[in-house]
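Now for the letters of each chain:
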Amino acid sequence: MKKIIITGVTSGIGRALLLRLNQEGHHVIGVARSQERLEILRPLLKAPFDLIQADLSQTKDVIQAAKDIMNLHESIDVLINNAATVPGSLVLSEEGHEMQFQVNHLAVVTMTHTLLPTLEKANGLIITTSSDAHKPAKYHQDRLERIKKYSLMGAYSETKLYNLLFTKAFNRFVDTNVFACAVHPGLVNTDLGGKDTKGMMQKVWRFLARRGITPEASTQTYVDLINGTLKDHEYVSDRKPSKPTKVALNNSNQDHLWHHTNTLLNIKWKTKKA
Ligand SMILES: NC(=O)c1ccc[n+]([C@@H]2O[C@H](COP(=O)([O-])OP(=O)(O)OC[C@H]3O[C@@H](n4cnc5c(N)ncnc54)[C@H](OP(=O)(O)O)[C@@H]3O)[C@@H](O)[C@H]2O)c1
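A short note on the site of the ligand
In the neighbourhood of the ligand, 27 residues make up the surrounding shell, with Gly 8, Gly 12, Ala 84, Thr 190 and Leu 192 lying closest. By residue number, the principal contributor to the shell around the ligand is helix 1 (residues 12-23), which donates 3 residues. Residue classes in the shell around the ligand are distributed as 10 nonpolar, 14 polar and 3 charged.

Below is the structure:
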């Protein structure tokens, strides 16, 4: 039995992961923003499990959720950074960041950083749900957030690129026994891009999503990673190692995002000696 944290469990891939991993006998710790919707999950789960309410668009909530988990558990085996948001128009977080940047990137880094000591006690694993949607993204050192000219797909693609850049930078820089990897779960039939959009964008996204695999089917890659069937690969897709773009593999992009994000969040890591 492993202790596994999953963020964004009230729908889609996160919900399917929560139910499957619980069914397979793991101690799941589900994190979501709606207490009401977490309560709907409670009767579907068998003990032991924990459900933690946190709005990942607020750094203080992310830190509090991680601390609540650390108060309950001395060690954690797996952290699955899965939650993401895709607003149809520009939304700023309370901290003044574009919302996709805040939830899809900053919350991932904050959660990982806060929980790292607890993951280290179990030689843990971090799995961040990225996407092949990172492929069109370029890296703009002088414009990491799409605030002036918001584009839903532009911001989504870039934040999924940041998931990969962060994963690679984490493995390069942090002096730890914890390994980080990123997953492309495939095209999955969820309402990720439908619930906060309108009009044609909503129609197109929902039309494409219907061609995807079920959330349940998408969980197998995560299960392979957790069971160690797929090991030491930094990016995996459909149960196989996958290759991110050159932009994601570029060391200076990784360095820049790493330093910029750590400065923004005011965090320091135990780094490897040069
Ligand atoms: N679907 C695909 O084809 C596909 C492909 C590649 C990658 N992905 C990635 O897969 C992951 C899961 O997405 P999904 O497709 O399963 O979509 P989803 O059903 O919309 O799941 C996203 C989850 O994140 C949660 N979330 C959003 N904002 C949050 C916040 N501020 N605080 C806490 N939780 C928040 C959502 O909560 P609510 O339920 O409250 O909205 C939801 O549970 C994402 O990282 C996405 O980028 C999806």
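A closer look at the nonpolar core
Core analysis: the largest hydrophobic core is formed by 66 residues, its most contacted members being Ile 4, Ile 5, Ile 6, Leu 79, Ile 80 and Ile 127. The element best represented in this core is helix 4 (residues 99-120), accounting for 11 residues. Apart from residues no more than four positions distant in its own chain, Ile 5 is found in contact with Ile 29, Val 31, Ile 69, Ile 76, Leu 79 and Ile 80.

As for the sheet that holds strand 4 (residues 78-81)
Spatial strand order, 3-2-1-4-5-6-7-8: 8 strands in an open sheet with mixed pairing. Of all strands in the sheet, those bounded by a partner on one side alone are strand 3 (49-53) and strand 8 (240-241). Bridge count for strand 6 (residues 179-184) against strand 7 (residues 235-237) is 3 bridges, and the pairing is parallel. Paired with Ala 182 across the strands is Tyr 235, a residue of strand 7.

Quick word on unusual backbone geometry
The amide bond that connects Ala 47 to the next residue, Pro 48, takes the cis arrangement and shows omega of 0°. If you trace the backbone, Pro 48 turns up in the loop between helix 2 (35-41) and strand 3. One non-glycine residue with positive phi stands out, namely Asn 266, at about 55°. Relative to the assigned elements, Asn 266 resides in the segment after helix 9 (251-265).

Scoring rules and cut-offs
- Residues numbered from 1 in each chain as written.
- Predicted model: local features only at pLDDT ≥ 70, side-chain atom pairs only at ≥ 80, totals over all residues.
- Near = placed C-beta within 6 Å.
- Helix = DSSP H or I, 4+ residues; strand = E, 2+ residues; numbered from the N terminus.
- Nonpolar A, V, L, I, M, F, W, Y, C, P; charged D, E, K, R; others polar.
- Core = buried A, V, L, I, M, F, W, Y, C linked by C-beta atoms within 7 Å.
- Buried ≥ 20, exposed ≤ 12 C-beta atoms within 10 Å, placed from the backbone.
- Contact = placed C-beta atoms within 7 Å.
- Pairing = 2+ DSSP bridges.

These figures capture arrangement, not role.
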